[in-house]
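Report on the structure
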Amino acid sequence: MSDDIFPPVHTEIADLKRAIEAVVLVAFDPVPPDLLAQLLEQPSALIEQCCAELAADYTEQGRGFELARVAGGYRYQTRPDLTPYVERFLLHDQRARLSGAALETLAIVAYKQPISRAQIASIRGVDPDGVIRTLVARGYIAEVGRDRGPGQAVLFGTTDAFLEKLGLDSVDDLPPIADFIPGADVVEALEQGLRATPSDDAQRP
Amino acid sequence: MSDDIFPPVHTEIADLKRAIEAVVLVAFDPVPPDLLAQLLEQPSALIEQCCAELAADYTEQGRGFELARVAGGYRYQTRPDLTPYVERFLLHDQRARLSGAALETLAIVAYKQPISRAQIASIRGVDPDGVIRTLVARGYIAEVGRDRGPGQAVLFGTTDAFLEKLGLDSVDDLPPIADFIPGADVVEALEQGLRATPSDDAQRP
Amino acid sequence: MAIDVATPVFDGPFDLLLRLILAEEVDIYEVSLATIVDAYLAEIERLQALDLDVATEFLLIAATLVELKARRLLPGRADVDLDEELALWEERDLLLARLLECKAFKDVATVFARLADDADRSFARQVGADERFTALVPDLLEGTSLERLRNAAIRALTPRPEPTVDFFHVNPVRLTVADAVAELVDELPRVGRTTFRRLTADLAERIEVIVCFLAILELYKQGVVQLDQVERFGEIEVIWTGERGLRADELLIDVYEG
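All of these numbers come straight from a predicted model, not from anything done at the bench. Position numbers for residues start from 1 in each chain and track the written sequence from start to end. The lettering of chains begins at A and the numbering of ligands begins at 1, in the order of writing. In keeping with the model being predicted, local features are shown solely for residues with a pLDDT of at least 70 and side-chain atom pairs are shown and tallied solely at 80 or more, while totals for entire chains, interfaces and linings include all residues. Side-chain metrics rest on all non-hydrogen atoms present in the structure, leaving aside hydrogens and water.

1. Considering the environment of Gln119(A)
In plain terms, the rule: Secondary structure is summarised from DSSP: a helix means a run of H or I of at least four residues, a strand means a run of E of at least two, and numbering begins at the N terminus for each. Only protein chains enter the accessibility calculation, which uses a 1.4 Å probe. A residue is then buried if its area is under 20% of the maximum for its type, exposed if over 50%, and partly exposed in between.
Note on placement: Gln119(A) falls in helix H6 (residues 117–124). For Gln119(A), a relative accessible area of 41% puts it in the partly exposed group.

Okay, structure coming up:
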């Protein structure tokens, strides 16, 4: 493309589209245009325009994937007519597994249910949204109620399917963990011990 | 592309490419061309050709993603120049930097595999247990067998995760170890440093 | 020639020796065996002063170096035993060969670091199939045991002390949580009951104390030690409750070392 027919403003649009492609590619959930707008520091309308153009591009070029608008956001998904191939692959592929993050989140829900998104986030230190969605989609956890507090946060718990998969009658049958987890007081005490630096009386030349 | 060496007509090639795009899009790990060949009932060579053409397409069109050949398979990944946006979106940078000791041990395992703990120790002159444990825990190396000798020592080799970490397709892509034999200047310096013969000595002023 | 070995960041005897000999600012024709041997020995002394285990390998190489140096100081050669002389040369060549091999892999490591840096800039799509295909994906809990779930819960629910020390600048020869766990698993069954203070009394550096702390936390999670504190800010008792003869590698270990 040495004979640049685009004025500079188009180059910026092209860069914007590339950034959108990259972000949406790695996103677990559909990415809302407002989030893209914030991330790329551009008005939402421009983002929407870029996404529409990208989607049209892919269709025109007959790509095997599409940029779809789902649940208020954009995501890549396979074209419906390719479903047979995708299904064949998924049935073939024995490598699928629960990621470490997903397993930890599932474990937290199992042992601490009912539990809210915010509580999970505070334990794991990261936003658990994508993982929760996966676990819900898999049917391992589900909404079991609402917090009675002001926000009425959704509370999650494990499902019967989860118990069945692990061969449990009820969550009471989960192996106990309390003995293995030091309370905050013990951790604090140990940290206190750290502060009394033992090298004080063992100074080296 | 009328000079195609393969018989299928263009529409079939286009369909094949679409199917490849769809399958790779939903895969968690790089998809080996042989698996694609099996799924799509086409020769591997044709699959490889299609993937190469797709990759070239994306590059030519300046997409924000690329079809990369990593650890023996194909995967979608973001273009390196878009890292800042992706990191901002994912709220983390996933770079788990490896320590010098870990990198050196990986280097030894990569070129000398299968290799035992003791052999690694003798090359590095350091007890490698802690580093080996770290590398095994991160999945970059794994037990690949046992020495047939009396001790039946565990032998280690590199894994697909190692290839992915370094962005390599296979260990065969590593430059030959001969390229790393220290140059004459280093050899000379080392010899000089260990020279025990007074007659050769360049006395210091 | 001034060789600065004040920084403790080297990784084993070959690393130290390579650094001493190949220090950038040094003109190779000024490199003298005597200076190198002196610096090498000084460094070993310093390690010992810090109470760090000095690996046998360090000492073996020191012996070779000292012999080479002594050889060089002998003015005449008339009294030299030819066999001894040859053995020394052989040892020197062996050492040289090992240094060269070590240097080669160090250079490979540099290339690996660069490759990893480049590869880290691309993020792989690892999203999987969308909900239309959920029913098709093999069950992800397949092969997940209660044990794994429990371990994941313990991992996730244990309050994590935030390490405030840059682990990258720690002497990597010895300081890993895994190693500290191994030491404690060896020591604690013998003493049965001790205190955190006693366990760390000989540790010179704060980082070592922290590593020991993390190791004890690990053992606590594994249920093989009990921790008691009679009064607030009082001594913390560490009591071994695991089996005797337990091996460190039988324990699941979160390794904090990079």
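Here the narrative resumes, following the displayed structure.
2. Points about the packing of helix H2 (residues 33–40) of chain A against helix H3 (residues 44–60) of chain A
For any two helices packed against each other, one specifies the crossing angle of their axes together with the interaxial distance. Residues and elements named next belong to chain A. Stated precisely, the cut-off is as follows: Angles run from 0 to 180 degrees between N-to-C directions of axes, and those axes are lines fitted to C-alpha atoms, restricted for helices to the stretch in contact. When describing relative orientation, an angle under 35 degrees is termed roughly parallel and one over 145 degrees roughly antiparallel, while 65 to 115 degrees is termed roughly perpendicular and anything else oblique. Here, residues are in contact when the closest pair of their heavy atoms is within 4.5 Å. Residue polarity follows a fixed list, in which Ala, Val, Leu, Ile, Met, Phe, Trp, Tyr, Cys and Pro are nonpolar, Asp, Glu, Lys and Arg are charged, and the others, Gly among them, are polar.
Running from N to C, H2 and H3 cross one another at 110°; their axes reach a closest spacing of 8 Å. The angle between H2 and H3 places the two elements in the roughly perpendicular class. Residues Pro33, Asp34, Leu36, Ala37 and Leu40 of H2 touch H3, and the partners they reach there are Ser44, Ile47, Glu48 and Cys51. Class assignment of the residues belonging to the contact of H2 with H3 gives a composition of six nonpolar, one polar and two charged.

3. Describing the sheet that holds strand E3 (residues 115–116) of chain A
Residues and elements named next belong to chain A. What counts, and what does not: Note on pairing: DSSP must find at least two bridges between two strands before they are called paired.
Pairing within the open sheet is antiparallel, and its three strands lie in the order E3-E5-E4. Edge strands, defined here as strands with exactly one partner in the open sheet, are E3 and strand E4 (141–146). Here E4 pairs with strand E5 (residues 154–158) via five bridges, running antiparallel. Across the sheet, the residue bridging to Ile141 is Thr158, located in E5.

4. Overview of the confidence of the model for chain C
All names here are of chain C. Heads up, the rule is: Note: pLDDT gives the predictor's confidence per residue, expressed from 0 to 100.
The pLDDT averaged across chain C works out to 71; a share of 68% of its residues lies at or above 70. Element-level mean pLDDT values for chain C span from 73 in helix H8 (residues 206–221) up to 85 in helix H4 (residues 82–120). Under a pLDDT of 50 for its full length, residues 1–8 has, in the predicted model, 15 contacts with residues more than four places off or in other chains. Low pLDDT, under 50, characterises residues 161–174; the stretch is placed with 32 contacts to residues that sit more than four places away or in other chains. With pTM at 0.65, the complex prediction returns an ipTM value of 0.73.

5. Considering the interface of chain A and chain B
Using the following cut-off: Note: buried area is the sum, over both parts, of the accessible area (probe 1.4 Å) each one loses when the two are combined. The salt bridge definition used is simple: a Lys or Arg side-chain nitrogen within 4 Å of an Asp or Glu carboxyl oxygen. For this analysis, a polar contact is any N or O atom pair within 3.5 Å, provided that within protein one partner can donate a hydrogen and the other can accept it, and provided that sequence-adjacent residues contribute only side-chain to side-chain pairs.
If you look at the interface, chain A gives 37 residues, while chain B gives 37 residues. When chain A packs against chain B, close to 3,300 Å² is buried across both sides, 64% of that on carbon and sulfur atoms. Contact with chain B buries surface across chain A, with Arg18(A), Arg63(A) and Phe89(A) losing the most and accounting together for 20% of the total. Taken together, the links from chain A to chain B amount to eight salt bridges. Taking the shortest distance from any N to any O, the salt bridge between Asp57(A) and Arg63(B) comes out at 3.4 Å. One can count 18 residue pairs in polar contact (both at pLDDT 80 or more) joining chain A with chain B. Mapped onto the side of chain A that touches chain B, the elements with two or more residues apiece are helix H1 (8–26), H2, H3, strand E2 (73–78) and helix H4 (83–92) of chain A. No other element matches H1(A), which puts seven residues into the side of chain A that touches chain B. Within the side of chain A that touches chain B, the residues separate by chemical class into 20 nonpolar, seven polar and 10 charged.

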